Amino acid sequence: MSLEVKEISKQYGAFTALHPLSFKLSEPGVYALLGTNGAGKTTAIRIILGMLSRNSGEVLWHGKALSPVTEKVGYLAEERGLYPKYKINEQLRYFAKLRGMQKDEIEKSMKYWFNRLELRGYEDKRAEQLSKGNQQKVQMVAALISDPELLILDEPLSGLDPVNADLFKSVIHEQIEKKKFIIMSCHQMPVIEEFCNDITILHHGSAVLQGNLNEIKKSYGRVNLSVKCDGDILPLAAQCGLAPEEITPDKLSFKISNEAQAHQLLKKIVESDIPLIHYELREPTLHEIFVENIERADKEAGRSDEI
Amino acid sequence: MSTYGWKSIFGFTFVQTAKSKAFKISSVIIIILVFGMALLAGLLPAIIGGNSSAGDSDIVIDGEKPLDRIYIADTTGITTAADYEKVFATLGLTPVFSGEQSDCAALIEQIKGETRSLLVTISETEDGYNIYAARPADSSVSSDTANSCGSAVQQVFNLTRLTKEGLNGEQITAVGKTISFSQSIAGEPTENDFAFFVKMIVPMLSSVALFILIFSYGQLVAQSIAQEKTSKVMELLLTSVRPLAVVIGKILAMGSLALLQFIMIILSGVLGMCVSMPLTGMMVANSQDASAMTQQLTAEIGKAFADFSPISIIMIFVIFIIGFIFFALIAGLIGASVSRMEDLNAAMQPLAIIGVLGFYLAYFPSAMGGEAGIMSTISYYLPISSPFALPSALLTGAMDIPQALLAVAVLCAFTVLMALLVARVYEQIILHNGNRLKLGDIIGIAKNK
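Residues numbered from 1 in each chain as written. Chains lettered and ligands numbered in written order. Predicted model: local features only at pLDDT ≥ 70, side-chain atom pairs only at ≥ 80, totals over all residues.

## Details of the overall build of chain A
No. 1: Of regular secondary structure, chain A possesses 10 helices and 14 strands.
No. 2: On the principal axes, the C-alpha backbone points of chain A span a range of 75 × 45 × 35 Å.
No. 3: Within chain A, the proportion of its 307 residues that are buried is 38%.
No. 4: For chain A, contacts bridging at least 24 residues in sequence account for 69% of all contacts bridging at least 6. (Helix = DSSP H or I, 4+ residues; strand = E, 2+ residues; numbered from the N terminus. Buried ≥ 20, exposed ≤ 12 C-beta atoms within 10 Å, placed from the backbone. Contact = placed C-beta atoms within 7 Å.)

## Points about the overall build of chain B
No. 1: Scanning chain B from N- to C-terminus turns up 16 helices and 4 strands.
No. 2: Here chain B, with 449 residues, has 41% of them falling under the buried criterion.
No. 3: Taking all contacts inside chain B whose residues are at least 6 apart in sequence as the whole, residues at least 24 apart take part in 78%.

## Considering the sheet that holds strand S4 (residues 129–134) of chain B
Residues and elements named next belong to chain B.
No. 1: Taken together, 4 strands build an open sheet; the order of strands is S2-S1-S3-S4 and the sheet is mixed. On the outer flanks of this sheet lie strand S2 (96–98) and S4, each paired with one strand and no other. Direction aside, neighbouring strands of the sheet carry axes that sit 10 degrees apart on average.
No. 2: Taken together, the 6 bridges between strand S1 (residues 69–74) and strand S3 (residues 117–124) define a ladder with parallel strand orientation. By the bridge assignment, Ile72 is partnered in S3 with Val120.
No. 3: Where helix H5 (residues 143–164) meets the sheet, its contacts fall on S1, S3 and S4, and the angle it forms with S4 comes to roughly 150 degrees. (Pairing = 2+ DSSP bridges. Axes fitted to C-alpha atoms, helices over the stretch in contact; angles between N-to-C directions.)

## Quick notes on the interface of chain B and chain A
No. 1: On the chain A side, the residues contacting the 20 residues of chain B number 23 residues.
No. 2: Among the secondary structure elements, those contributing two or more residues to the side of chain B that touches chain A are helix H1 (6–19), helix H8 (233–237) and helix H15 (401–429) of chain B.
No. 3: Residues that form the side of chain B that touches chain A fall into these classes: 8 nonpolar, 8 polar and 4 charged. (Nonpolar A, V, L, I, M, F, W, Y, C, P; charged D, E, K, R; others polar.)

## Some details on the domain arrangement of chain A
No. 1: Each domain of chain A was delimited in the assignment, giving domain 1 (3–211) and domain 2 (222–282).
No. 2: Each of domain 1 of chain A and domain 2 of chain A was reduced to a C-alpha centroid, and the two centroids are 43 Å apart. (Domains from an automatic or database assignment.)

## Some remarks on the nonpolar core
No. 1: With 158 residues, the main nonpolar core has Ala32 of chain A together with Tyr217 and Ala328 of chain B as its most contacted residues.
No. 2: A total of 16 residues in this core trace back to one element, the largest contributor, which is helix H11 (residues 310–337) of chain B.
No. 3: Not counting residues within four places of it along the chain, the set of residues in contact with Tyr217 of chain B comprises Met254, Gly255, Leu257, Ala258, Phe324 and Ala328 of chain B.
No. 4: Core analysis: the second largest hydrophobic core is formed by 21 residues, Ile111, Val120, Val141 and Val153 of chain B among them. (Core = buried A, V, L, I, M, F, W, Y, C linked by C-beta atoms within 7 Å.)

## What about helix H3 (residues 103–116) of chain A?
All names here are of chain A.
No. 1: For H3, spanning 14 residues, the distance from its first C-alpha to its last is 20 Å, which sits close to the expected 20 Å at 1.5 Å a residue.
No. 2: Residues of H3 that are buried include every one of Ile106, Met110, Trp113 and Phe114, and no others. The arc that holds the buried residues of H3, viewed along the axis, is 100 degrees, so those residues lie on one side. Residues of H3 that are exposed and angled more than 90 degrees away from the buried face: Asp104, Lys108, Lys111 and Asn115. (Expected span 1.5 Å × (residues − 1). Arc of directions from axis to C-beta.)

## Points about the environment of Glu71 of chain A
Residue and element names in this part refer to chain A.
No. 1: Here Glu71 is to be found in the loop between strand S5 (64–65) and strand S6 (73–76).
No. 2: For the pair Glu71 and Pro148, spaced 77 residues apart in sequence, the C-alpha separation works out to 8.2 Å.
No. 3: Those residues in contact with Glu71, other than ones at most four positions away along the chain, are Trp61, Leu66 and Leu150.

## Considering the sheet that holds strand S2 (residues 15–25) of chain A
All names here are of chain A.
No. 1: Pairing in this open sheet of 4 strands is antiparallel, and the strands run S2-S1-S4-S5 from one edge to the other. Bordering the open sheet on either side are S2 and S5, each of which pairs with just one other strand.
No. 2: Across 2 bridges, strand S4 (residues 56–61) lies against S5 in antiparallel orientation. In the sheet register, Trp61 faces S5, and the bridge partner there is Lys64.
No. 3: Sheet strands touched by helix H1 (residues 41–48): strand S1 (3–12), S2 and S4. Its angle to S1, the strand with the most contacts, is close to 120 degrees.

## Some thoughts on unusual backbone geometry
All names here are of chain A.
No. 1: One non-glycine residue, His62, lies in the positive phi region at around 55 degrees.
No. 2: Owing to 12 C-beta atoms within 10 Å, His62 belongs among the exposed residues under this scheme.
No. 3: One non-glycine residue, His204, lies in the positive phi region at around 50 degrees.
No. 4: With respect to the helices and strands, the residue His204 is situated in the loop between strand S9 (196–203) and strand S10 (206–212).
No. 5: Exposure remark for His204: the 20 C-beta atoms within 10 Å place this residue in the buried category.

## Remarks on the pairing of strand S8 (residues 181–185) of chain A
All names here are of chain A.
No. 1: In terms of burial, S8 is largely enclosed, as 5 of its 5 residues are buried.
No. 2: Neither face of S8 is exposed, since Phe181, Ile183 and Ser185 on one face and Ile182 and Met184 on the opposite face are all buried.
No. 3: Note: strand S3 (residues 29–35) against S8, 4 bridges, orientation parallel. Counterpart to Gly29 in the pairing with S8 is Phe181.
No. 4: Where strand S7 (residues 150–154) and S8 come together, 5 bridges link them in parallel fashion. Considered in S8, the bridge of Asp154 is made with Ser185.
No. 5: Where the polypeptide runs from S7 across helix H5 (residues 162–177) and back to S8, its parallel neighbour, the crossover connection is right-handed. (Right-handed = clockwise from strand over helix to strand, strands pointing away.)

## A short note on the environment of Asp343 of chain B
All names here are of chain B.
No. 1: Structurally, Asp343 can be placed in the loop between H11 and helix H12 (344–367).
No. 2: For Asp343, a count of 17 C-beta atoms within 10 Å translates into the label partly exposed.
No. 3: Not counting the four nearest positions on each side in its chain, Asp343 is found in contact with Val338 and Arg436.

## Notes on the pairing of S4 of chain B
Residue and element names in this part refer to chain B.
No. 1: Judged from the 6 bridges that link them, S3 and S4 form a sheet pairing that is antiparallel. Across the sheet, residue Thr121 finds its bridge partner in S4, namely Tyr132.
No. 2: Connecting S3 to the next strand, S4, in antiparallel fashion are 4 residues.

## Comments concerning H1 of chain A
An α-helical turn contains 3.6 residues, so any two residues separated by three or four positions project in the same direction.
Residues and elements named next belong to chain A.
No. 1: For H1, the tally of buried residues reaches 8 of 8 residues, placing the bulk of the element in the interior.
No. 2: Within H1, the full set of buried residues consists of Lys41, Thr42, Thr43, Ala44, Ile45, Arg46, Ile47 and Ile48.
No. 3: The first or second residue beyond H1 is Gly50, which carries a positive phi of 80 degrees.

## Observations concerning the packing of helix H13 (residues 373–381) of chain B against helix H14 (residues 386–396) of chain B
All names here are of chain B.
No. 1: Contact pair H13 / H14: the axes reach a minimum separation of 7 Å and the direction vectors enclose 115 degrees. Note that H13 runs across H14; the crossing there is left-handed. Counted together, Ser379, Tyr380 and Tyr381 of H13 and Ser386, Ala389, Leu390 and Ala393 of H14 form the full contact between these two elements.
No. 2: Counted by class, the contact of H13 with H14 contains 5 nonpolar, 2 polar and no charged residues. (Left-handed = near helix turned anticlockwise from the far one by under 90°.)

Below, the structure is given as structure tokens:
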């Protein structure tokens, strides 16, 4: 049981939208496709879904070429789309029918998802009569209605209020528990950290970082030091060769080259009797890893784009 | 290339479009318009004939008495005062009759100075007889009244004349029967004014109806695809079906709706003609001329329809379907080439120009009564005009079945070529975002694929 993306690429004339990209989901779980705007995430997703032809590579689902037309694949697109003038239940029946579902299955599934996503009472409304958040819920129903084994979620939480974002998160957790294969693209790094095991960071059509998120973090080591004291510790930090990266009323943040530096600073603070309120030595966040990798890739390519 | 799912797309598009207000309203308008036009076409000869009729033997009185006095001067000596008494008794009039010695000039002078009087003179000419009705100058007697009274005098005079010639009642009825005239090139169907009318109007109307249906529904295909693309529904659809299935489903759904309205047009037209017949009968029951005109027009239309072989009728529907598919494929491609709805009209312009060109190519030979030989031939074999030209050519017998089959084969070949082109580039352009794709871009995609 696996999804294997092997060397897929896309070229538009002289422009390369996606350089050969490979990754694999050997087990059920969430795989993150990250990247700046225009990095090639949607192109990769469209190739996986068979919407776009590829210049090279293949997409294997359980060892065979993936055909979304015959396999159960759910897709929540980044740019939401519903027929504005048609009734919600008619649209969902149509989408479900296209997935090859039978009438009974459709009605049962629709009833479940309308309850689960708190859409009861909206069945006979036209899409244009619904709020943006509710339209997004309807799209989520469209993605999940056929109980797909492979689910592709492109920015699933964008534009949702905190209550509905939590609702969507709980649904995603349920899908993980049900051993579904999920590919998620999202700009909210805490969400990725909450759900994803493996990641690919794309930039200008190329993968600049790939792998297991925990391992990536471990490979960086604990290089982030946050300190809050009731006194000035900047001279002490300077003695340890540390310059603050960020100074806020709440704390001082340092980037350390090794853990000995952090220990040395801690020792000096204790020796100088400055009251210590907060001391944290941690791995970099995904946000930091993302930014660092994009900047490095730009530097290597001689680009000066802003992220 | 998988076309799985086209049936679901067909069903959904058909039902949703048929449920739309636009379809319902346009269908009602079409039914009313075509029914009304057919009704009018059936009634028009009766109305015209009825108004100009000079053959009514009974004088109809609407409201007040139309005359106070009628003078009849028969200089031929064939009739007498008694012959007219019965006819004019219905008006409460006793004709002032004068015979062979009548001084018509003096009577005319007399009428000039009178009011609500009418003079009818009967005189012999070299060719036969002349009946003349003179009204006063003060407009107290209408032209219609003069016509009615004149024709009543004509009927009585004719009947008396023939009786005096020794003819009995049956012979007089036989003599009075309407004789129609027609002519044609030897071996070809007969022609008369009505035949020409039917031959000219039917193709013109069919060309117009086909153009409107094929073109407007082609536009709807483009609109529907562009809407799905710009509203991003297309991305959702493409997780379940291939783009070609979307095009096929949509074209067939819109084509079926166009066909439905085409059938509505035919049925409304036939119903209008059917309703017009008894109405015409009621309107012109006593008018031989008007009745004859209506009968002749109805006969020509009936003859035109009776001349259709089942194969012609099947071919008309086949031509309609293939013609629609040809234009709808192009429209679908255009719909897929735009990323914003506001670009669609500009993108459709070249197709609109081609369509109008094709329509006029088909329409002009029809309007010219099939006299434009080369132009007709071109319009039959050119795919942009043949869907509009071929049905009318079959309707009027301007082309025979083998010729029509050849023209349909040419149209089919172009439609298949168009379908191959669409299949080749559609998947490439359906998710294109950004500037509208030009023809050159599409050709480039077709070449590079």
